[in-house]
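Fold and geometry: a report
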Amino acid sequence: MKERRYRIQTSQEWDRPLVIAQVSDFHNGDAQAVSKVLRRCRPDLIALTGDLFIGYGSREADEEKQDENPYGKGFLAYQENVLPLVRCCTELAPTYFSLGNHEWVVTESDFAALRAEGLIILDNQWVRDEERGLVIGGLTSAMMTDFQRYRRKYGSDADYPHWSRHTDRINLRAKDGWLNGFTRQEGYKILLSHHPEYWCLRQPMLCKKRIDLVLSGHAHGGQIRLFGRGLYSPGQGILPRYTGGVFQGRFGTMVVSRGTTNTVPKIPRLFNPAEGVVIECLPKKRLHASH
């Protein structure tokens, strides 16, 4: 697990840099490796930017064990690495979680168990950190939002193969109310948004909104990287632009994590190590001293 560090200049008059640890695309992966990076960087806050779970596998076998599940009607017990990671995160710093497309498997009992561990789940909503002057929002994957509507219509047992045939109807425009309200808040605005294509390729075109820092993942670094560029990403296609790194917009910055694991065993990550991202947001009065 590689630790990748970025420095972001801000106009905030903090006493010291704000250290953010970003974990994206964990997919029930190696909690020990990720936790090692988190403990080493001593973050002020931790951002889990979607796909904490893995949304496919032996769901049918899991359903046969529902009566044995200590978390009730859910699948948290069968994604055995999720809770250890969440517990490490919440012990270290305030931890915020936005929902990616793989979170379709998460039930209300799973969400309740995660909240009981101290995880702050941001499902198309925002919260304030008054002490640091932060406003932290979470933009839910449109795929997840579509499935939530589908589940409400067809019941909580609606399965992925059935739902997946309806994904062409996904509405990629975020609800204007909460997101526009978020952008009008005073303070340093951080948005957890799983899909980097929402930056400028698809609605809600986050690069055009007054958001200081957008944190994304999903692209897995392009899976295979040649000459510093990924080969493919869902939502962006062949030779995608937004697979990892820092991107500057008119109003703010987007950081894209390459993710902490591999969910395509038949296509290994080549020249593309899994990474935990550490972002130092530098205060205004220290900008010149950082060079």
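Preceding this paragraph is the structure being described.
Values in this document were obtained by computation on a predicted structure and should not be read as measured data.

1. Re the sheet that holds strand β16 (residues 275–282)
Reading across the sheet, the 6 strands line up as β1-β16-β2-β3-β4-β5 and stay open at both edges, with mixed pairing between neighbours. The sheet terminates laterally at β1 (2–9) and β5 (120–122), the two strands that pair on one side only. Averaged over all pairs of adjacent strands, the angle between their axes in this sheet comes to 25°, without regard to strand direction. Relative to β16, β1 is paired through 8 bridges, and the arrangement is parallel. Its bridge partner being in β16, Arg4 is matched across the sheet by Val277. Packed on one face of the sheet, helix α1 (residues 31–41) meets β1, β2 (18–23), β3 (45–49) and β16 and runs near 175° to β2. Strands in contact with helix α3 (residues 82–92) are β2, β3 and β4 (95–98); relative to β3, the strand with the most contacts, it is inclined by about 150°.

2. A few points about empty space enclosed by the protein
This structure, assessed with the given rule, holds 1 cavity of 30 Å³ or more. Space inside the largest cavity adds up to approximately 40 Å³. As for the largest cavity, its lining consists of Ala21, Gln22, Val23, Val34, Val37, Leu38, Cys41, Gly276, Val277 and Val278. Counting only elements with at least two residues in the lining of the largest cavity, the list comes to β2, α1 and β16. By residue number, the principal contributor to the lining of the largest cavity is α1, which donates 4 residues. Split into classes, the residues belonging to the lining of the largest cavity amount to 8 nonpolar, 2 polar and no charged.

3. Remarks on the sheet that holds strand β9 (residues 213–216)
Taken in spatial order, the 6 strands make up an open sheet running β6-β7-β8-β9-β15-β14, and their pairing is mixed. Looking at the sheet topology across the chains shown, the edges are occupied by β6 (125–129) and β14 (245–248). The mean angle between the axes of side-by-side strands here comes to 20°, regardless of whether they run parallel or antiparallel. One ladder, built from 3 bridges, connects strand β8 (residues 188–193) with β9; its direction is parallel. Of the residues in β9, the one forming a bridge with Ile190 is Leu213.

4. Looking at a nonpolar patch on the surface
Side chains of Leu226, Phe227, Leu231, Tyr232, Ile238, Leu239, Leu270 and Phe271 sit close together on the surface and give an oily, nonpolar patch of about 940 Å² of accessible area. Relative to the assigned elements, Phe227 resides in the loop between β10 (225–226) and β11 (229–230).

5. Comments concerning the pattern of salt bridges
Under the criterion given, the structure shown has 9 salt bridges. Residue Glu117 is joined to Arg87 by a salt bridge in which the shortest nitrogen-to-oxygen separation is 3.2 Å. With Glu117 in the loop between α4 (108–116) and β5 and Arg87 in helix α3, this residue pair connects regions lying 30 residues apart in the sequence. Look at the salt bridges and you will find they share partners, linking Glu3, Arg5, Arg7, Arg40 and Glu280 into a network.

6. A short note on the packing of aromatic side chains
Each aromatic ring pair is characterised by the separation of its centres together with the angle its planes make. The tally for this structure, following the rule as stated, stands at 3 aromatic pairs. When the centroid spacing of 4.8 Å and the interplanar angle of 75° are considered together, the rings of Tyr242 and Phe247 count as edge-to-face. A single burial state applies to Tyr242 and to Phe247, both of which are buried.

Rules and cut-offs
- Residues numbered from 1 in each chain as written.
- Predicted model: local features only at pLDDT ≥ 70, side-chain atom pairs only at ≥ 80, totals over all residues.
- Heavy atoms only, no water.
- Pairing = 2+ DSSP bridges.
- Helix = DSSP H or I, 4+ residues; strand = E, 2+ residues; numbered from the N terminus.
- Axes fitted to C-alpha atoms, helices over the stretch in contact; angles between N-to-C directions.
- Contact = heavy atoms within 4.5 Å.
- 1 Å grid on protein atoms, 1.4 Å probe; cavity = no way out; pocket = protein on both sides within 12 Å on 5 of 7 lines; lining within 4 Å.
- Points joined across faces, edges and corners; volume = space filled by probe spheres on them.
- Nonpolar A, V, L, I, M, F, W, Y, C, P; charged D, E, K, R; others polar.
- Patch = residues over 30% accessible without salt bridge, like charges linked within 9 Å, V, L, I, M, F, W, Y side chains within 5 Å.
- Areas by Shrake-Rupley, 256 points an atom, 1.4 Å probe, with all protein chains shown as cover.
- Salt bridge = Lys/Arg side-chain N within 4 Å of Asp/Glu carboxyl O.
- Phe/Tyr/Trp six-rings, centres within 6.5 Å; stacked < 30°, edge-to-face > 60°.
- Buried < 20%, exposed > 50% of the residue type's maximum accessible area, 1.4 Å probe, protein only.

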